[in-house]
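Inside the fold
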Amino acid sequence: GIQVEQSPPDLILQEGANSTLRCNFSDSVNNLQWFHQNPWGQLINLFYIPSGTKQNGRLSATTVATERYSLLYISSSQTTDSGVYFCAVEDGGGGADGLTFGKGTHLIIQP
Amino acid sequence: SQTIHQWPATLVQPVGSPLSLECTVEGTSNPNLYWYRQAAGRGLQLLFYSVGIGQISSEVPQNLSASRPQDRQFILSSKKLLLSDSGFYLCAWSPYRKAEAFFGQGTRLTVV
C-alpha cells in the first residue's frame, strides 16, 4: 500500500516563529488532507489539498503531486497551534478507500 | 450542514466483555463511512469502511467487526474484548470516494 512519511517528528518553537511541516508519499493520490489533533484527540480538518496551494489565515499548504510531497506552513505561531499535525492520503488508483496516515509531527509552541 | 456523532466518549471495559460503538451522520445521504483506531503512539489505522448499507470492507484482521444497519449509522463491535483492543476509535464520513473526510470526536476505549 501507499506509504506516508512526515518530518520532522517533533518540533519545538517559540511563539511568533514560523514552521514548515513536510509530508512525502510513495504513490499517486486522489486525496491529501492535513489535520490538527487537539488535546482532546479530535481531528480538525486544516486542508483538503491533493494538488496546488491553499491558504487559511496563518496556515497555508502546498502539494506537488508530481513530486509526491506536501508542505504545511504555519506563520506567527501561537501556543494554541501546539498539538500533532497529521498528513493523510488516499490511493489515486483503484485501491481501497480510506486514508493512510503519516505518524504525525508533534509541535510544541512555547510562550 | 453535516454533522457526525460518536458515542460514548470514553469507555472502560473488562477483558472478554462485548463492545458496541455507534456513529451516526446527519445532513447527508449515502455517505462513505469509516472506522479508524489510534493505538499507543500517534498513528491512525483504517479498520473498516462502508460505501452503502450492508457493505463492509475490512482492512486489517482483528477481533472487531463493523455493521451498517442504516444509511447513516455505522457500528463497531466485538464479542470479546482483548487488552490489545484498547485505543482511540474514530468514525469518519465522506460524501463520496476519495473526497474530503470528516471525523467524529472519538471514543477512548480502555480494556482492563
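It should be noted that the structure appears before, not after, this text.
Bear in mind that the values here come from a model prediction, so they are computed numbers and not experimental data. (Residues numbered from 1 in each chain as written. Chains lettered and ligands numbered in written order. Predicted model: local features only at pLDDT ≥ 70, side-chain atom pairs only at ≥ 80, totals over all residues. Heavy atoms only, no water.)

1. A closer look at the state of the cysteines
Where two cysteines share a covalent bond between their sulfur atoms, that bond is called a disulfide. Evaluation of the coordinates by the stated rule reveals two disulfides over all chains. Disulfide partner of Cys23(A): Cys87(A), at an S-S distance of 2.0 Å. Linking Cys23(A) and Cys87(A), the disulfide has an S-S dihedral of approximately -60° and is accordingly described as left-handed. Separated by 64 residues along the polypeptide, Cys23(A) in strand 3 (residues 19-25) and Cys87(A) in strand 9 (residues 83-91) bring together distant segments of the chain. The same class applies to Cys23(A) as to Cys87(A), namely buried. Here Cys23(B) engages in a disulfide with Cys91(B); their sulfurs sit 2.0 Å apart. Between Cys23(B) and Cys91(B) the sulfur-sulfur dihedral comes to about -75°; the bridge is accordingly left-handed. One end of the pair, Cys23(B), is in strand 3 (residues 19-26); the other, Cys91(B), is in strand 9 (residues 87-94), with 68 residues separating them in the sequence. By relative accessible area, Cys23(B) is classed as buried at 1%. (Disulfide = S-S within 2.5 Å. Helix = DSSP H or I, 4+ residues; strand = E, 2+ residues; numbered from the N terminus. Buried < 20%, exposed > 50% of the residue type's maximum accessible area, 1.4 Å probe, protein only.)

2. As for the sheet that holds strand 8 (residues 69-74) of chain A
Residue and element names in this part refer to chain A. Strands sit in the order 1-3-8-7-6 across an open sheet of five strands; the sheet is antiparallel. A strand with exactly one partner marks an edge of an open sheet, and here the two such strands are strand 1 (4-7) and strand 6 (52-56). Strand-to-strand twist in this sheet, taken as the mean axis angle between neighbours without regard to direction, amounts to 15°. Relative to strand 8, strand 7 (residues 59-64) runs antiparallel, the two being bridged by six bridges. Across the sheet, Val64 pairs through a bridge with Tyr69, a residue of strand 8. (Pairing = 2+ DSSP bridges. Axes fitted to C-alpha atoms, helices over the stretch in contact; angles between N-to-C directions.)

3. Points about the interface of chain B and chain A
Listed as interface residues are 22 residues of chain B and, on the opposing side, 28 residues of chain A. At the junction of chain B with chain A, the criterion picks out two salt bridges. Notably, a salt bridge pairs Lys98(B) with Asp97(A), separated by 4.0 Å at the nearest N-O pair. Going through the elements one at a time, strand 4 (32-38), strand 5 (44-52), strand 9 and strand 10 (102-103) of chain B are the ones with two or more residues in the side of chain B that touches chain A. Looking at the side of chain B that touches chain A residue by residue, the class counts come to twelve nonpolar, four polar and six charged. (Contact = heavy atoms within 4.5 Å. Salt bridge = Lys/Arg side-chain N within 4 Å of Asp/Glu carboxyl O. Nonpolar A, V, L, I, M, F, W, Y, C, P; charged D, E, K, R; others polar.)

4. Some details on the pairing of strand 7 (residues 65-70) of chain B
On a regular strand, each side chain points to the face opposite its neighbour's, so the side chains alternate between the two faces of the sheet. Bridge analysis of strand 7 of chain B against strand 8 (residues 73-78) of chain B gives four bridges, and the strand direction is antiparallel. Paired with Ala66(B) across the strands is Leu76(B), a residue of strand 8 of chain B.

5. Remarks on the pattern of salt bridges
All told, the structure shown has six salt bridges over all chains when counted by the stated rule. Overlapping salt bridges, with partners in common, bring together Asp97(A), Arg97(B) and Lys98(B) in one network.

6. Description of the environment of Pro31(B)
On the secondary structure map, Pro31(B) appears in the loop between strand 3 and strand 4. Residues Pro31(B) and Leu21(B), ten residues apart in the sequence, show an inter-C-alpha distance of 18 Å.

7. What about the packing of aromatic side chains?
Inspection of every chain in the model, using the stated rule, returns ten aromatic pairs over all chains. On the numbers, 5.7 Å between centres and 80° between planes, the contact of Phe101(A) with Tyr36(B) is edge-to-face. Of this pair, Phe101(A) sits in strand 10 (residues 100-101) while Tyr36(B) sits in strand 4, each in a different chain. Considered together, Phe101(A) and Tyr36(B) belong to a single accessibility category, that of buried residues. Aromatic pair Tyr36(B) and Phe103(B): ring centres 5.3 Å apart, planes at 45°, arrangement tilted. Taken together, the positions of Tyr36(B) in strand 4 and Phe103(B) in strand 10 put the pair 67 residues apart, joining distant regions of the chain. Exposure remark for Tyr36(B): the relative accessible area of 1% places this residue in the buried category. Pairwise contacts between aromatic rings join Phe35(A), Phe86(A), Phe101(A), Tyr34(B), Tyr36(B), Tyr49(B) and Phe103(B) into one cluster. When the ring centre of Tyr69(A) is taken as origin, the NZ or CZ atom of Arg22(A), which lies over that ring, is 4.3 Å away. (Phe/Tyr/Trp six-rings, centres within 6.5 Å; stacked < 30°, edge-to-face > 60°. Lys NZ or Arg CZ within 6 Å of the ring centre and 35° of its normal.)

In short, shape yes, function no, at least from these values alone.
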